[in-house]
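These are the residues of each chain, in order.
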Amino acid sequence: MTDDLLADFIRADREQDLGTYGIHVHRTGRPPIEHRFRSDDRVNLYSVTKTFTAVAVGFAEAEGRLSRDDRLLDHMPELRPLAADGFEDVTLGHLITMMSGSGLRWHAHERIDAADLLHEIVAAPLVAKPGERYAYTGTGPYAVGRVIARVTGADLHAYLMPRLFRPLDLHNPGWHRCPLGFPMAESDLFLKTSELARLARLLLQEGEWEGQQILTPDFVRGMTADPIPTGYSGHLSHGYGFGVWMGRDGTYRMDGAYGQFAVIVPAKRATVTVTAHSMRDGDLLTAVHDLVIERL
């Protein structure tokens, strides 16, 4: 279903070549609005995946399996002999929020040559004390995914299946894995636009879904409670939360390369989700805000 709300966005996508695949608007108490520029296929969500890993931490915390304040090496003591100086102070929270201080930069599109990527992450020299410096990288979410596998006995995909994927009717989503068989955790989860919109709605509703409290409200509120300055400009300048980016006008979002966005708009009780292959993702996000969110 579509209506006049999306007319200017549709026109802007065509005129500016924004590369949108589809847009989905959820407004509490009203039917959803969608427009497709191509079929609603499952696509790589890229770094939106980091939010799913952060949510897995929320489930594991609620179950008493771990805490974001836990040090990674306390869960992986066999790695202590490999660890770089200072890594003993790196917590799971540091890893999710890109504050580990590690100098290693890795993302899921890069080849893994190490026998075990986690060993490489732990051994890489620190360039800052944990908690002092923001540096965007995929290493932290990947490492946290490995801890979740250790403490739960299930990899991220299997762990989230009964807790998140099945309740939201996300049937067996694809998730690329590292050579050892663990989900990449920082990227490479595949969903449709309309499927990603369900996680956005879950966060808007502070963890409630169809009358069931799936995530704790405190966890969802905490995702944006203490954003970290990033030092970036433009749409990345508003700070980074617990697996989510802060946005303008009180919004926050899941954010992935090439224009994968799921924007939560608490003030308007709404979410706007797009998937795309855009070489102008900043312009695409601006169009979402100016031509859709501001008109809700």
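Scope of this entry: the structure provided in the associated data block. Here the structure is a predicted model, which means the values were calculated and not measured. (Residues numbered from 1 in each chain as written. Predicted model: local features only at pLDDT ≥ 70, side-chain atom pairs only at ≥ 80, totals over all residues. Heavy atoms only, no water.)

### Digging into the sheet that holds strand β1 (residues 20–27)
Here's step 1: Read from one edge of the open sheet, 6 strands run β2-β1-β10-β9-β8-β7, paired in antiparallel fashion. Only two strands of the sheet have a single neighbouring strand rather than two, namely β2 (33–36) and β7 (245–246).
Here's step 2: Relative to strand β8 (residues 252–256), β7 runs antiparallel, the two sharing 2 bridges. Following the sheet pairing, M246 is matched in β8 by Y252.
Here's step 3: Here helix α8 (residues 193–204) sits on the sheet and contacts β1, β2, β8, β9 (260–265) and β10 (270–276); the angle it forms with β10, its principal contact strand, is near 150°.
Here's step 4: Here helix α10 (residues 281–291) sits on the sheet and contacts β1, β8, β9 and β10; the angle it forms with β9, its principal contact strand, is near 30°. (Pairing = 2+ DSSP bridges. Helix = DSSP H or I, 4+ residues; strand = E, 2+ residues; numbered from the N terminus. Contact = heavy atoms within 4.5 Å. Axes fitted to C-alpha atoms, helices over the stretch in contact; angles between N-to-C directions.)

### Things to note about the environment of T251
Here's step 1: If you trace the backbone, T251 turns up in the loop between β7 and β8.
Here's step 2: We classify T251 as buried; its relative accessible area is 3%.
Here's step 3: In this structure, T251 is in contact with M246, V263, I264, V265 and H289, ignoring residues within four places of it in sequence. (Buried < 20%, exposed > 50% of the residue type's maximum accessible area, 1.4 Å probe, protein only.)

### Structural notes on the packing of aromatic side chains
Here's step 1: Taken as a whole, this structure holds 11 aromatic pairs when the rule is applied.
Here's step 2: When the ring of Y46 is compared with that of Y258, the centres are 5.3 Å apart and the planes differ by 65°; the resulting orientation is edge-to-face. Taken together, the residues Y46 in the loop between β3 (43–44) and α2 (49–62) and Y258 in the loop between β8 and β9 connect sequence positions 212 residues apart.
Here's step 3: Under the relative-accessibility criterion, Y258 is labelled partly exposed at 31%.
Here's step 4: Their ring planes at 90° and their centres at 5.9 Å tell us that F219 and F242 sit as a pair that is edge-to-face. Here the residue F219 occupies a position in helix α9 (residues 217–222), and F242 occupies one in the loop between α9 and β7, the gap between them amounting to 23 residues. For the pair shown, F219 and F242 are each scored as buried.
Here's step 5: By the ring-pair criterion, three or more aromatic residues cluster together here, those being Y134, Y136, Y232, Y240 and W245.
Here's step 6: Cation over ring: R146 sits above F182, and NZ or CZ is 4.2 Å from the ring centre.
Here's step 7: In this structure, R201 packs its charged tip against the face of W209, placed 4.3 Å from the ring centre. (Phe/Tyr/Trp six-rings, centres within 6.5 Å; stacked < 30°, edge-to-face > 60°. Lys NZ or Arg CZ within 6 Å of the ring centre and 35° of its normal.)

### Points about the pairing of β8
Here's step 1: Summarising burial for β8: 5 of the 5 residues are buried, a large majority.
Here's step 2: What you see with β8 is no split at all: Y252, M254 and G256 on one side and R253 and D255 on the other are buried throughout.
Here's step 3: Hairpin geometry of β7 and β8 is characterised by an intervening segment of 5 residues between the two adjacent antiparallel strands and by a positive phi of about 55° at D249.
Here's step 4: In this structure, β8 lies alongside β9, joined through 5 bridges in antiparallel fashion.

### Things to note about the nonpolar core
Here's step 1: With 69 residues, the main nonpolar core has F52, L72, L164, F165, L203 and M254 as its most contacted residues.
Here's step 2: If one sorts the elements of this core by residue count, α2 sits on top with 7 residues.
Here's step 3: If we ignore the near neighbours within four places in the chain, the residues touching L72 are F87, V90, T91, L92, L95, V122, A143 and V147.
Here's step 4: Counting 22 residues, the second-largest nonpolar core is a separate cluster that includes L6, I33, V263 and V288. (Core = buried A, V, L, I, M, F, W, Y, C linked by side-chain atoms within 4.5 Å.)

### Description of the packing of helix α1 (residues 7–16) against α10
Here's step 1: Between α1 and α10, the least distance of the axes is 10 Å, while the angle of their chain directions is 155°. Overall, the two elements α1 and α10 adopt an arrangement that is roughly antiparallel. Seen from above, α1 lies across α10 with right-handed handedness. Of α10, the residues touching α1 (which contributes D8, F9, A12 and Q16) are D283, L284, A287, V288 and L291.
Here's step 2: Per-class residue counts for the contact of α1 with α10 are 6 nonpolar, 1 polar and 2 charged. (Parallel < 35°, antiparallel > 145°, perpendicular 65-115°, else oblique. Left-handed = near helix turned anticlockwise from the far one by under 90°. Nonpolar A, V, L, I, M, F, W, Y, C, P; charged D, E, K, R; others polar.)

### Quick word on unusual backbone geometry
Here's step 1: Positioned with a positive phi, D169 is a non-glycine residue whose angle comes to about 55°.
Here's step 2: Residue position: D169 is located in the loop between α7 (156–165) and β4 (190–191).
Here's step 3: The exposure class assigned to D169 is exposed, which follows from its relative accessible area of 57%.
Here's step 4: Residue D188 is not a glycine yet carries a positive backbone phi of 70°.
Here's step 5: Locating D188 in the fold gives a position in the loop between α7 and β4.
Here's step 6: Taking relative accessible area as the criterion, D188 reaches 8% and is therefore assigned buried.

Taken by themselves, the reported measurements are silent on function.
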